[in-house]
Each structure stands twice: as structure tokens, then as C-alpha cells.
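Now for the letters of each chain:
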Amino acid sequence: MNIHVYDRPEQAGQAAALLIAAQLLRKPHSVLGLATGSSPIPIYRSLIVLYQAGVISFDRVVSYNLDEYVGIDPDHVCSYHRFMREQLFDHVNMRPEAIHVPDGKAADLAAAASAYDRAIETAGGIDLQLLGIGRNGHIGFNEPNSHFVGGCHVTDLTASTIEANQRFFDSIDNVPRQAVSLGITPIMRAKTVVLIATGADKAQAVKAAVRGPVDPRVQASILQAHPDAHFMLDQEAAALL
Ligand code: GLP
């Protein structure tokens with residue numbers, strides 16, 4: 001694990017964006033695994049700046065997002081489809097057909113999840129997987145569990161995740177109780193993993209992921225076994241290391 005600590009969240013975001021930019025310079029047709037949540041927003045902002053400056057291009061990039069809420073329309077203000085459009089896709093030259101986000105409204109969620117796994121494999125796997133981390137150590141929506149789930153799957157959200165994510169919704173009652181999430185297998189098969197964590201409320205999860213045992217109750221701890229994982233942290237998130 002490579003731990004990078006910066007004074008401010010924006011710097012962690014800029015540094016993560018540079019890793020992604022370097023990936024695109026090395027391999028313009030990279031398969032990117034993308035993440036939502038507030039932590040990656042500075043990364044997307046920096047990538048847009050690099051794109052507008054003509055430094056990087058997304059014209060050959062293929063992307064697979066990590067997760068989506070079950071039952072939420074892609075145009076819903078809190079959907080991860082919409083988040084990605086607003087934070088990145090509407091501002092860069094991604095080809096619409098190269099963008100993939102799990103379908104939380106599929107009639108057969110399990111079949112759609114299996115098809116998502118197969119599509120990633122057919123694309124050659126993920127070159128660089130971007131991750132945030134939940135306060136309970138989740139990555140994507142791989143919630144604390146007695147084991148690591150390999151494939152894309154439907155999952156019940158924990159009370160802690162529902163509470164943490166209520167800030168995006170009108171009320172806690174409107175937070176979906178389930179999500180579709182990429183499993184641990186494609187994340188671990190990604191050639192490079194870049195995880196961003198900022199703020200004091202992530203310090204405990206970061207400590208458990210980095211210093212604790214590899215334990216499915218802290219799903220991010222599996223990244224200790226990844227050969228090229230980068231944790232991009234600000235001082236607050238790194239405070240307990
Ligand atoms: C959600 C997402 C995760 C994300 C986490 C942290 O639960 N499914 O992918 O990492 O939130 O979000 P934030 O960065 O807003 O703290």
C-alpha cells in the first residue's frame with residue numbers, strides 16, 4: 001500500500017487526478033473504475049481542468065462506475081448516474097456508449113449485475129479503480145460482512161451508511177435501503193487502485209483498513225493485498241495512522 005498524506009483535501013484530490021492523468025497518458029484507451037461520493041469531487045474538478053487545458057483526453061476511455069442505489073431513476077437528483085454526469089461526464093469528451101453505471105432500476109437486478117461483471121471482463125478488466133471509503137470501511141457499497149463478495153451484487157445498506165448518506169436526500173426516510181455494487185473481485189483485479197479519504201470522520205476507517213488485519217468487517221482492508229494501491233489522504237483522515 002502506498003500512503004500519500006496531504007495538508008488539505010484539495011491537494012489529495014489533485015494528486016489522485018495526476019495518477020489518473022498519468023494512466024490516461026500511458027494508455028489512452030484505459031478502462032477506468034469510477035466512484036461517487038463527496039470525496040472524489042476535487043479529483044473530477046482537477047481532471048476537467050487538465051482536459052480543458054488539452055493535457056488529457058477521454059475520447060478513448062471506457063468507464064464502469066462502482067455502484068448505484070436500487071429503485072432510483074437515473075435522472076433523480078441523488079442518483080449516481082446523475083452525479084457522474086454533473087461532476088465529470090458533461091464536461092469532458094467521454095463517448096456516451098463508453099460510460100457504464102449499474103442499473104438500479106433493472107427488472108432483474110441479479111441478471112443485470114451478472115451482465116455488468118461480464119461486460120467488465122470483456123473490456124479486459126479495470127486498469128485503474130478509483131475508490132472512496134465509507135465510515136464503516138466500505139468500498140463501493142461492499143458493506144461490512146462476514147466474507148468478501150466477489151461479483152456485482154444487490155446489497156442491503158447498513159444503518160451507518162444510510163445515516164451517512166442522508167445528507168444528500170430530503171430526509172433519512174428517502175435514502176434507499178439497497179444498492180447495486182461492484183464486488184471485490186474486479187476491484188482487486190484492477191491493475192491500480194486509487195482510494196481517496198478526507199476528513200476526520202474517515203480516520204477510524206482508514207486506520208482499520210491500513211493497520212488492522214484483513215477482515216471483511218472492514219472491506220477496504222482487502223486492499224492491503226493489492227500490489228498497486230494508493231491511499232490519497234488529508235491530514236485529518238491520516239490522523240490515526
Ligand atoms: C457511498 C458510496 C461509496 C463512497 C462513500 C463515501 O456510500 N457508495 O462509494 O466511497 O459513500 O462517500 P463520501 O466520499 O461522500 O464520504
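Anything mentioned here points back to the structure above.
The rules behind these values
- Residues numbered from 1 in each chain as written.
- Predicted model: local features only at pLDDT ≥ 70, side-chain atom pairs only at ≥ 80, totals over all residues.
- Heavy atoms only, no water.
- Helix = DSSP H or I, 4+ residues; strand = E, 2+ residues; numbered from the N terminus.
- Rg over C-alpha atoms; globule rule 2.2 N^0.38 Å.
- Buried < 20%, exposed > 50% of the residue type's maximum accessible area, 1.4 Å probe, protein only.
- Areas by Shrake-Rupley, 256 points an atom, 1.4 Å probe, with all protein chains shown as cover.
- Pairing = 2+ DSSP bridges.
- Contact = heavy atoms within 4.5 Å.
- Axes fitted to C-alpha atoms, helices over the stretch in contact; angles between N-to-C directions.
- Near = heavy atom within 4 Å.
- Polar contact = N/O pair within 3.5 Å; in protein donor to acceptor, adjacent residues only side chain to side chain.
- Nonpolar A, V, L, I, M, F, W, Y, C, P; charged D, E, K, R; others polar.
- Phe/Tyr/Trp six-rings, centres within 6.5 Å; stacked < 30°, edge-to-face > 60°.
- Salt bridge = Lys/Arg side-chain N within 4 Å of Asp/Glu carboxyl O.

Engineer: Lay out the overall build of the protein chain with the relevant residues and their values.
Structural biologist: For the protein chain, the helix and strand inventory stands at seven helices and ten strands. Taking 241 residues into account, the globule formula puts the C-alpha radius of gyration at 18 Å, and the protein chain, at 16 Å, falls close to it. Oriented by its inertia axes, the alpha-carbon framework of the protein chain measures out at about 45 × 45 × 35 Å. Among the 241 residues that make up the protein chain, the fraction classed as buried is 54%. Here the protein chain has roughly 10,400 Å² of accessible surface; of this, 51% comes from carbon and sulfur atoms.

Engineer: Please provide a residue-by-residue account of the sheet that holds strand β3 (residues 62-65), values included.
Structural biologist: Across the sheet, which stays open at both edges, the seven strands sit in the order β1-β10-β9-β6-β2-β3-β5 with parallel pairing between neighbours. Of all the strands in the sheet, just β1 (2-6) and β5 (99-100) have a single pairing partner and so form its edges. Where strand β2 (residues 31-34) meets β3, four bridges bridge the pair, whose relative direction is parallel. Among the inter-strand pairings, Val31 is bridged to a residue of β3, identified as Val62. Of the strands in this sheet, β1, β2, β6 (128-131), β9 (192-197) and β10 (229-234) touch helix α1 (residues 9-26), which is tilted by about 155° from β10.

Engineer: Give a detailed account of the site of the ligand, specifying residues and quantitative values.
Structural biologist: Near the ligand you find 13 residues, and of these Ser38, Ser39, Asp67, Arg167 and Lys202 are the closest. With respect to the ligand, the side chain of Arg167 contributes an N or O atom lying 2.7 Å from an oxygen atom. Taking Lys202, its side chain carries an N or O atom lying 2.6 Å from an oxygen atom of the ligand. In isolation the ligand exposes 390 Å². Once the protein is present, 95% of that is buried. In terms of residue class, the shell around the ligand is made up of three nonpolar, seven polar and three charged.

Engineer: Which residues make up the environment of Ser221, and what values go with them?
Structural biologist: With respect to the helices and strands, the residue Ser221 is situated in the loop between α7 (203-211) and β10. Along the backbone, Ser221 and Ala205 are 16 residues apart, and their C-alpha atoms lie at a distance of 9.2 Å. When near neighbours in sequence (up to four residues on either side) are disregarded, Ser221 contacts Phe148, Ala208, Ala209, Pro213, Val214 and Asp215.

Engineer: Any chance you could break down the packing of aromatic side chains for me, citing the residues and the numbers?
Structural biologist: What the rule picks out here adds up to six aromatic pairs. Geometrically, the ring pair formed by Tyr69 and Tyr80 is tilted, given 4.9 Å between the ring centres and 45° between the ring planes. Here Tyr69 is found in strand β4 (residues 67-69), whereas its partner Tyr80 is found in helix α3 (residues 80-87), with eleven residues between them in sequence. Accessibility assignment for this pair places Tyr69 and Tyr80 in one class, buried. Ring geometry for Tyr69 against Phe169: centres 5.5 Å apart, planes inclined by 80°, an arrangement best described as edge-to-face. On the criterion of sequence distance, the pair formed by Tyr69 in strand β4 and Phe169 in the loop between α5 (159-165) and β8 (178-181) is long-range, its members being 100 residues apart.

Engineer: Got a sec to walk through the pattern of salt bridges? Specific residues and values, please.
Structural biologist: Opposite charge on two side chains lets them pair, provided their charged atoms get close. This model, assessed by the stated rule, comprises seven salt bridges. Of the charged contacts, one joins Asp75 and Arg85 as a salt bridge, the two residues approaching to 2.8 Å between their closest N and O atoms. Taken together, the residues span a long stretch of sequence, with Asp75 in the loop between β4 and α3 and Arg85 in helix α3 at a distance of ten residues. You can call Arg85 partly exposed: its relative accessible area is 27%. Shared partners join several salt bridges into a network, and the residues in it are Lys27, Asp127 and Lys191.

Engineer: Describe the pairing of β6, listing the residues and the values that go with them.
Structural biologist: Burial of the side chains of β6 extends over both faces: Leu128 and Leu130 are buried on one face and Gln129 and Leu131 on the other. Of the strand pairs in this sheet, β2 and β6 are connected by two bridges, and their pairing is parallel. Note on β6: the bridge partner recorded for Gly33 is Gln129. Relative to β9, β6 runs parallel, the two sharing four bridges. Bridge pairing in β9 links Leu130 to Val194.

Purely geometric stuff here, so don't read any function into it on its own.
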